[in-house]
Amino acid sequence: MATASQVLGRPYRLVSHARRSHLGRRGGIVIARTWRGATAARDGDLYFNYLLETGVKECERTPGNCGVYVLRRTDGDRCEFLFVSLWESMQAVREFAGLDAERGVFYPEDEKYLIEFDADVLHYEVLKGPAPASGMPSPG
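Rules of the game
Residues numbered from 1 in each chain as written. Predicted model: local features only at pLDDT ≥ 70, side-chain atom pairs only at ≥ 80, totals over all residues. Heavy atoms only, no water. Buried < 20%, exposed > 50% of the residue type's maximum accessible area, 1.4 Å probe, protein only. Helix = DSSP H or I, 4+ residues; strand = E, 2+ residues; numbered from the N terminus. Pairing = 2+ DSSP bridges. Core = buried A, V, L, I, M, F, W, Y, C linked by side-chain atoms within 4.5 Å. Contact = heavy atoms within 4.5 Å. pLDDT = per-residue confidence, 0-100.

1. A few points about the pairing of strand S3 (residues 78–87)
For step 1, the next point in the chain: Along S3, seven of the ten residues are buried, which leaves the element largely enclosed by surrounding structure.
For step 2, the next point in the chain: Where strand S2 (residues 65–75) lies against S3, ten bridges are found, and the strand directions are antiparallel. Each bridged residue has a counterpart across the sheet, and for Arg-73 the counterpart in S3 is Glu-80.
For step 3, the next point in the chain: Here S2 hands over to S3 after two residues, with Gly-76 in that stretch at a positive phi of 65 degrees.

2. Digging into the nonpolar core
For step 1, the next point in the chain: Trp-35, Tyr-47, Cys-59, Phe-83 and Trp-87 are the most contacted members of the largest nonpolar core, which has 20 residues in total.
For step 2, the next point in the chain: Going through the elements one at a time, strand S1 (31–40), helix H2 (44–61), S3 and helix H3 (90–97) are the ones with two or more residues in this core.
For step 3, the next point in the chain: Sorting elements by how many residues they give to this core places H2 first, with five residues.
For step 4, the next point in the chain: Excluding residues within four positions of it along the chain, Trp-35 makes contact with Tyr-47, Phe-81, Leu-82, Phe-83, Phe-106, Leu-114, Phe-117, Asp-118, Asp-120 and Val-121.

3. Comments concerning the confidence of the model for the protein
Parts of the model with low pLDDT should not have their predicted coordinates read in detail.
For step 1, the next point in the chain: For the protein, per-residue confidence averages 82 on the pLDDT scale, and 74% of positions sit at 70 or higher.
For step 2, the next point in the chain: Looking over the protein, one finds the lowest element-wise mean pLDDT in helix H1 (residues 4–8), namely 41, and the highest in S3, namely 98.
For step 3, the next point in the chain: Confidence drops under a pLDDT of 50 for residues 10–22, and excluding neighbours within four residues, the segment shows 17 contacts in the predicted structure.
For step 4, the next point in the chain: Note on residues 136–140: pLDDT under 50 across the span, and six contacts to partners over four residues away in sequence or across chains.

Quick look at the structure:
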């Protein structure tokens, strides 16, 4: 990974601002769970529809889920996916993923589509995100 000075081509000044963590529906920090996989470009739409019926649907019906983003990037003959699910807590993540929350959750036909994938996932604290939608309980 490049340093900021390499990217900017000059020395830089680090500016620090106090940050407020993005809060979940119950006032706790939101957890973002990320997973990456790739299909052949010709299978991109098919796999996206499969994700909607499997991972997206299961995430959304799991208590503690705060939303799902499916990002796609087509590069030549392959389609890369970044699946980001948002959770109220690591306990909610475990309700979806099982006790080994660091492992990906896979479905029967994933093997049919995926040419490359991460077996493990990454979890992040969401420090800034969009404001809760209208009608959602406010944090705190």
